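An overview of the molecular structure
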Amino acid sequence: MDFLRPASWEEALAAKAEHPTAVPIAGGTDVMVEINFDHRRPEYLLDLNRIGELSEWEVGQESVRLGASVPYSAIMEHLRAELPGLALASHTVASPQIRNRGGVGGNLGTASPAGDAHPALLAAGAEVEAESVRGTRLIPIDAFYTGVKRNALEPDELIRAVHIRKADGPQQYSKVGTRNAMVIAVCAFGLALHPETRTVRTGIGSAAPTPVRAKEAEAFLNAALDEGGFWESGKIITPAIAKQFAALASGACNPIDDVRGTAKYRRHAVGIMARRTLGWTWEQYRGAGRTLEGAA
Ligand SMILES: Cc1cc2nc3c(=O)[nH]c(=O)nc-3n(C[C@H](O)[C@H](O)[C@H](O)COP(=O)(O)OP(=O)(O)OC[C@H]3O[C@@H](n4cnc5c(N)ncnc54)[C@H](O)[C@@H]3O)c2cc1C
């Protein structure tokens, strides 16, 4: 196995163009597990750790440009206000050691349906900045996951950054696991309220072959909140609306039975998480945020 160690982003792109089968390694918390268990024996490893810019982020007017290798611990520490859903999801990843090494670029590279960043990215709205020597493109997050552990990257492309919309309202992330730490999700749910556009977005993890949005549930809730004047009044969402939202979120799942849980359990749990995250975010919206908005 050859170890390629580019000193710059341009060198990394050139190396990937020359060796499209080279496996990028960032934190290594997925790659090294696969190599140690002999699940993968790549001809080339492409080490991205000398490229400092991948661990940096920029907060813009509307979005955060998050370098591919920014570790979860930095998201939790520095980007809680801008990216609350992703910060909450980051909290649930593994242990402090893994959170100091692993990042969103690696989670996207692996594209496991159970990756914790995905529901938060789907709910917030994000684009993946993919680059090769041929140029740069922004891949909408909805189009990024193409199958079980498959993504939309071309063989010569690398992820440079992820552009994530800054929160304009409350966001939540909920995860079911067999214990509180060091656990891969049995299933997970992310929800983001977007008061500016009066819309709600969701993300489901580990309950379908890829991370998915519960689009019918979103459409139902958006219409119900609009028709009932909920965004203006901030009144409590009726149990009937919350129940139907949860049922539609459950229906968006296409899970399997596996060692972590049954398909039936996953569908049920996603419905519960949908209802709870809706309750939590709506309470936040009714509270501090709206009072400040009203006073302004
Ligand atoms: C003990 C343990 C517990 C874990 N618990 C969780 C958990 O609770 N939740 C969770 O979501 N994950 C968990 N993981 C998995 C892992 O930590 C995450 O998926 C993490 O985000 C991977 O990031 P990384 O930088 O270490 O990726 P790496 O291992 O370096 O890479 C992962 C994949 O992404 C590719 N890649 C990396 N960077 C780029 C790039 N810039 N461009 C293109 N491709 C790239 C690699 O080639 C590889 O295919 C756990 C892992 C371990 C070992």
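Overview of the structure. Since we're looking at a predicted model, the values are computed, not measured. (Residues numbered from 1 in each chain as written. Predicted model: local features only at pLDDT ≥ 70, side-chain atom pairs only at ≥ 80, totals over all residues. Heavy atoms only, no water.)

Despite not being glycine, Asp38 shows a phi value in the positive range, around 60 degrees. One non-glycine residue, Lys149, lies in the positive phi region at around 55 degrees. Tracing the backbone through its elements, the reader meets Lys149 in the loop between strand E8 (145-147) and strand E9 (150-151). (Helix = DSSP H or I, 4+ residues; strand = E, 2+ residues; numbered from the N terminus.)

Quick look at the site of the ligand now. Taken together, the neighbourhood of the ligand is formed by 34 residues, with Pro24, Thr29, Asp30, Tyr72 and Asp116 sitting nearest. At a separation of 2.8 Å, an oxygen atom of the ligand approaches a polar backbone atom of Gly103. For the ligand, the protein covers 89% of the area, taking 980 Å² as the surface of the free molecule. Mapped by element, the contributors of at least two residues to the shell around the ligand are strand E2 (23-25), helix H2 (31-36), helix H5 (96-101), helix H6 (104-110) and strand E10 (158-165). Residue contributions to the shell around the ligand peak at four residues, all from H6. (Near = heavy atom within 4 Å. Polar contact = N/O pair within 3.5 Å; in protein donor to acceptor, adjacent residues only side chain to side chain. Areas by Shrake-Rupley, 256 points an atom, 1.4 Å probe, with all protein chains shown as cover.)

Burial analysis of strand E12 (residues 187-194) places eight of its eight residues in the buried class, which makes it a mostly covered element. Because side chains alternate across E12, one face comprises the buried residues Cys187, Phe189, Leu191 and Leu193, and the other comprises Ala188, Gly190, Ala192 and His194, equally buried. In this sheet, E12 lies alongside strand E11 (residues 171-176) in antiparallel orientation, the contact comprising six bridges. Its bridge partner lying in E12, Gln172 is registered against Leu191. The sheet contact formed by E12 and strand E13 (residues 199-205) spans seven bridges and is antiparallel. (Buried < 20%, exposed > 50% of the residue type's maximum accessible area, 1.4 Å probe, protein only. Pairing = 2+ DSSP bridges.)

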